[in-house]
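Tertiary structure, described
The residues making up each chain are set out below.
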Number of protein chains: 2
Amino acid sequence: MPLRLDYSNMMISPGGIDPKTWTTAGKRFADTMRGFDSLRKSGAVGFVDLPDDRRLLEQVTRFSAAARGSYDDVVILGIGGSALGPIALRTALRPSGWNMLDEKARGGFPRLQVLDNVDPETIAALLDRLQLARTLFIVTSKSGGTAETMAQFLIVHDRIVAAKLDMTKQMVFVTDPKQGALRPLAERLRVPALDIPPSVGGRFSVLSPVGTLPAALIGIDVKSLLAGAGEMARRCENPELGTNPAGVYALLQWLADTQLKKSVAVFMPYSDPLRDFAAWFVQLWAESLGKKRADGSSVGSTPIAALGATDQHAQVQLFMEGPADKTVTFVAVKERRTDVKIPAAFADVRELGYLAGHTLAELIDIEQRATAGALARRERPNMTIHLDRVDAAHVGELMMFLEIATAYAGQLYGIDAFNQPGVELGKQFAYALLGRPGADAAKKEWDSLPRSDPRWSV
Amino acid sequence: MPLRLDYSNMMISPGGIDPKTWTTAGKRFADTMRGFDSLRKSGAVGFVDLPDDRRLLEQVTRFSAAARGSYDDVVILGIGGSALGPIALRTALRPSGWNMLDEKARGGFPRLQVLDNVDPETIAALLDRLQLARTLFIVTSKSGGTAETMAQFLIVHDRIVAAKLDMTKQMVFVTDPKQGALRPLAERLRVPALDIPPSVGGRFSVLSPVGTLPAALIGIDVKSLLAGAGEMARRCENPELGTNPAGVYALLQWLADTQLKKSVAVFMPYSDPLRDFAAWFVQLWAESLGKKRADGSSVGSTPIAALGATDQHAQVQLFMEGPADKTVTFVAVKERRTDVKIPAAFADVRELGYLAGHTLAELIDIEQRATAGALARRERPNMTIHLDRVDAAHVGELMMFLEIATAYAGQLYGIDAFNQPGVELGKQFAYALLGRPGADAAKKEWDSLPRSDPRWSV
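Residues numbered from 1 in each chain as written. Chains lettered and ligands numbered in written order. Predicted model: local features only at pLDDT ≥ 70, side-chain atom pairs only at ≥ 80, totals over all residues.

A closer look at the environment of Tyr354 of chain A
With respect to the secondary-structure elements, Tyr354 of chain A resides in the loop between helix H14 (350-353) and helix H15 (360-377). For the pair Tyr354 of chain A and Ala344 of chain A, spaced 10 residues apart in the sequence, the C-alpha separation amounts to 8.9 Å. Ignoring sequence-local partners within four residues, the contact set of Tyr354 of chain A consists of Leu434, Gly435, Arg436 and Pro437 of chain B. (Helix = DSSP H or I, 4+ residues; strand = E, 2+ residues; numbered from the N terminus. Contact = placed C-beta atoms within 7 Å.)

Below is the structure:
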């Protein structure tokens, strides 16, 4: 069954969205759709068309088939959108603890490691651990200008040269088909390069080779992933709000933020396979919607990653009794890939006896329902995304659902969901401090900032 | 050098705290200290005294010395405070990728795995992977009433019995010395049990055997950890705000929330070893301060975990241009345990040439400073905790600093930082759904909740 969003607990009274407000806002949805459609026509939202891009799928299928058996480790050099999607896919769609399994348990597929930072300890430790000749490095950057990824590339390139290995066998790029620094570098080094379509930005790129190449290399069913995503894309072509799940989700989140002043959007799957999925969503939502509008005002709700049942013992106290500034989106999973029965023992011990006979799947599911119910009882709006199971098709569906919802929310907020101008100043300051040519203006601005004040230090 | 907090960027104008407000609020700090001291005398804040508890240290030292060489895996069954502290310590104080290193690289110390959820897939996969006879399970629960941990215990207990192994060799409990379900169970099973002092709650327990036992078992220098924490505890005995770092931090956070309406507190270390530390802080802050006051009003800022430089490509756009409702606490690290030089190559490529000759430690440090400066330039207050290095002493210091600051903040907000009444209703609903005896009232309340409404589903 396709994914289903139950938002009954968003419509609670008091605390939730008033049905009249909902109806009125719903009438505006046609505008949102129109805005989205014209963006789509202008070529700004290529992510919606990724599921149908046969050429890209063929690039990935051909490359991964040829690579089969040649590598024990695949290492992504990438940060942000280049890292979060692949990590989410690995955790969701490969057996638990994938990188700690032996080759047999991995079905002969390689481990997948992701270098998503420039801490020297992590990189040095990983490079020491790898057998270089059995490692494929995927360098993922659309522009080829990402300082962190380029620094990693220089280090890895040097190691491969020093080990006298064949660069064309140990490296593959995923980058813009024409623009940027990596494309000419690929030609120079004769390294294969797969495409990120120009119309697809980093945080919307998981269904391009950014996500599908590493996924295919570790044995994930990429075709199903794309098929699930494609079904959701078609489901969201419906201009009628009532049957467009991404439309409903975007409108709920936008109303909660702008009308109910619920500025924090918690995303909380009850599923270990979806443990890293929430971090992918956080980037998608935060970097797309946290923006200044043309009039100078700031918008965008703040996404927070949580995990059930774990976070019932960490963040739920705050969600339940702290400021009423949050909504919670649960993800509930109907069928788990395996289940474990809780054995009957110590029936005489009050704290243990009642658990006997239940299974862990029942327990985690009951905890989700109990937490959702308790939040609603405390006038804290929440909603639940129901997934039949965590498999490639459903994960693809869920990703496309959230991507389209994010794009719609951009329309509702009246901002460009596809740029990230706010990170430019920090980048320029870093260039200035690193001595990159052309950063003179940034250097001047940096030098004019007030220095650290010894009065304000302890 | 001890940890230093530079809060110059919290005092920026406009956007930050006005120096006059600071001075006025500072005069109230004596009250905060008095409140904290009387709590301490009443025995409610035992965590401050953990560094000096020689009896507990001896329990841990003796147990871990006797266990040396007997186990390949240590597995914690625990959730919330029982899991987050040990995970943070492992990531901070053991070499990168600890659980993926072979025995030699681990110096003969075991891996450390933490079962902090009840997803059947994770538990089944881990139990399949382990060699039971070479595994020590630490069951951590103060009350012995935590459903998730007790379910795990029943499953693991059953496996150990089925494998005809000696329970007293494969299991150890960490629990209250007198109260709760685990203590009598320890006696019944003859399983060793270490203490969580009655005055120490779960999220303040990392410096008790909850954290120190697993830490010692995997070779972390627990003595230095406690010594660093003890130094911070003494430093914070000073009633003068200007020399009490936890006091300054609590007051800054409280003023930012209540006066500047900055209700989101981001915690962002620039260090992979501190990657999991932020999640530990999130629980500490969220569960301690997200509370209803006696007058029914809700308080508590919302903590968010971030990681530098990684989150510059995920969350920083929102921090920089989204609603001005956030402060950011950076953690900067002076000396890394290792460094990697960025090789000079492709000097002709603009995107690569400027990186040559720098090291990764320089790069990540420059990125931290650039991001802090850019935030300040955009009128977004932030502060930086400076650590000389990530070693046991400094991590202990940082943990105690944040624990005391949280306790102080509880005083400032006028709430009890040491309970978690908000999670009770969800627990009761879960008991009702699981059929636990005595949950009749909860069952009635559950049945009276409005059902899911088909109108609000898509």
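That was the structure; now back to the text.
With respect to the domain arrangement of chain A
All names here are of chain A. Under the domain assignment used here, chain A contains domain 1 (4-40 + 227-413) and domain 2 (46-220). Each of domain 1 and domain 2 has a C-alpha centre, and these two points are 30 Å apart. With 23 residues of domain 1 at the interface, the matching set in domain 2 holds 19 residues. Residue assignment for the side of domain 1 that touches domain 2 shows that the elements contributing at least two residues are helix H10 (222-235), helix H12 (277-289) and helix H16 (392-413). Across the side of domain 1 that touches domain 2, the residue classes break down as 14 nonpolar, 3 polar and 6 charged. (Domains from an automatic or database assignment. Nonpolar A, V, L, I, M, F, W, Y, C, P; charged D, E, K, R; others polar.)

Digging into the packing of helix H3 (residues 54-67) of chain A against helix H9 (residues 209-217) of chain A
Residue and element names in this part refer to chain A. Their axes nearest at 9 Å, the elements H3 and H9 cross at an angle of 30 degrees. With respect to H9, the axis of H3 lies roughly parallel. Crossing angle aside, the handedness with which H3 passes H9 is right-handed. Along its contact with H3, which presents Leu56, Gln59, Val60, Thr61, Phe63, Ser64 and Ala67, the element H9 presents Pro209, Thr212, Leu213, Ala216 and Leu217. Residue classes in the contact of H3 with H9 are distributed as 8 nonpolar, 4 polar and no charged. (Axes fitted to C-alpha atoms, helices over the stretch in contact; angles between N-to-C directions. Parallel < 35°, antiparallel > 145°, perpendicular 65-115°, else oblique. Left-handed = near helix turned anticlockwise from the far one by under 90°.)

Re the sheet that holds strand S6 (residues 193-195) of chain A
All names here are of chain A. If you walk across this open sheet you meet the 5 strands as S3-S2-S4-S5-S6, and the pairing is parallel. Of all strands in the sheet, those bounded by a partner on one side alone are strand S3 (111-115) and S6. Each strand axis lies, on average, 20 degrees off the axis of its neighbour in the sheet, ignoring direction. Note: strand S2 (residues 73-77) against S3, 5 bridges, orientation parallel. Residue pairing in the sheet places Ile76 in a bridge with Val114 of S3. Sheet strands in contact with helix H8 (residues 182-189) are strand S4 (135-140), strand S5 (171-175) and S6, and its direction is about 155 degrees off that of S5. (Pairing = 2+ DSSP bridges.)

Points about the relation of the copies chain B and chain A
Of the two same-sequence chains, chain B is brought onto chain A (RMSD 0.0 Å, axial shift 0.0 Å) by a rotation of 180 degrees. When the rotation and shift are considered jointly, the pair of chain copies conforms to a two-fold rotation axis. Taking C-alpha positions as reference, the residue of chain B nearest the rotation axis is Met100 of chain B, located at 3.1 Å. When the interface residues of chain B are mapped onto chain A, 100% of them again lie at the interface, so the same face is used by both copies. (Least-squares fit on C-alpha atoms with pLDDT ≥ 70 in both.)

Description of the interface of chain B and chain A
Between chain B and chain A, the residue contacts involve 121 residues of the former and 122 residues of the latter. With 13 residues, helix H15 (residues 360-377) of chain B is the single largest residue contributor to the side of chain B that touches chain A. For the side of chain B that touches chain A, the class distribution of residues is 62 nonpolar, 36 polar and 23 charged.

Considering the packing of helix H10 (residues 222-235) of chain B against helix H16 (residues 392-413) of chain B
Think of two packed helices as two axes; the pair is described by the angle between the axes and how far apart they sit. Residue and element names in this part refer to chain B. The geometry of H10 relative to H16 is characterised by a closest axis approach of 6 Å and an angle of 40 degrees between their N-to-C directions. By the angle class used here, H10 and H16 are oblique. Helix-helix and strand crossings are classified by hand; for H10 and H16 the assignment is right-handed. Along its contact with H10, which presents Ser224, Leu225, Leu226, Ala227, Gly228, Ala229, Glu231, Met232 and Ala233, the element H16 presents Ala392, Ala393, His394, Val395, Gly396, Glu397, Met399, Met400 and Phe401.

Notes on unusual backbone geometry
Here the bond from Gly308 of chain A into Ala309 of chain A is cis, since omega is -5 degrees, no more than 30 degrees from zero. If you trace the backbone, Ala309 of chain A turns up in the loop between strand S10 (302-305) and helix H13 (316-321). Put simply, Ser13 of chain B and Pro14 of chain B share a cis peptide bond, and its omega is 0 degrees. Here Pro14 of chain B shows up in the loop between strand S1 (4-6) and helix H1 (19-27). Not every positive phi belongs to a glycine, and Phe346 of chain A is a case in point at roughly 55 degrees. Here Phe346 of chain A lies in the loop between strand S11 (326-333) and H14. Its identity is not glycine, yet Glu379 of chain A carries a phi of approximately 65 degrees, on the positive side. With respect to the helices, strands and loops of the structure, Glu379 of chain A is situated in the loop between H15 and strand S12 (382-387). Exposure remark for Glu379 of chain A: the 12 C-beta atoms within 10 Å place this residue in the exposed category. (Buried ≥ 20, exposed ≤ 12 C-beta atoms within 10 Å, placed from the backbone.)

Concerning the pairing of strand S10 (residues 302-305) of chain B
Residue and element names in this part refer to chain B. Going residue by residue along S10, you find Thr302 and Ile304 tucked away on one face and Pro303 and Ala305 tucked away on the opposite face as well. Sheet topology note: the strand S7 (residues 264-269)/S10 ladder contains 4 bridges and is parallel. Along S10, the bridge assignment pairs Ala265 with Pro303.

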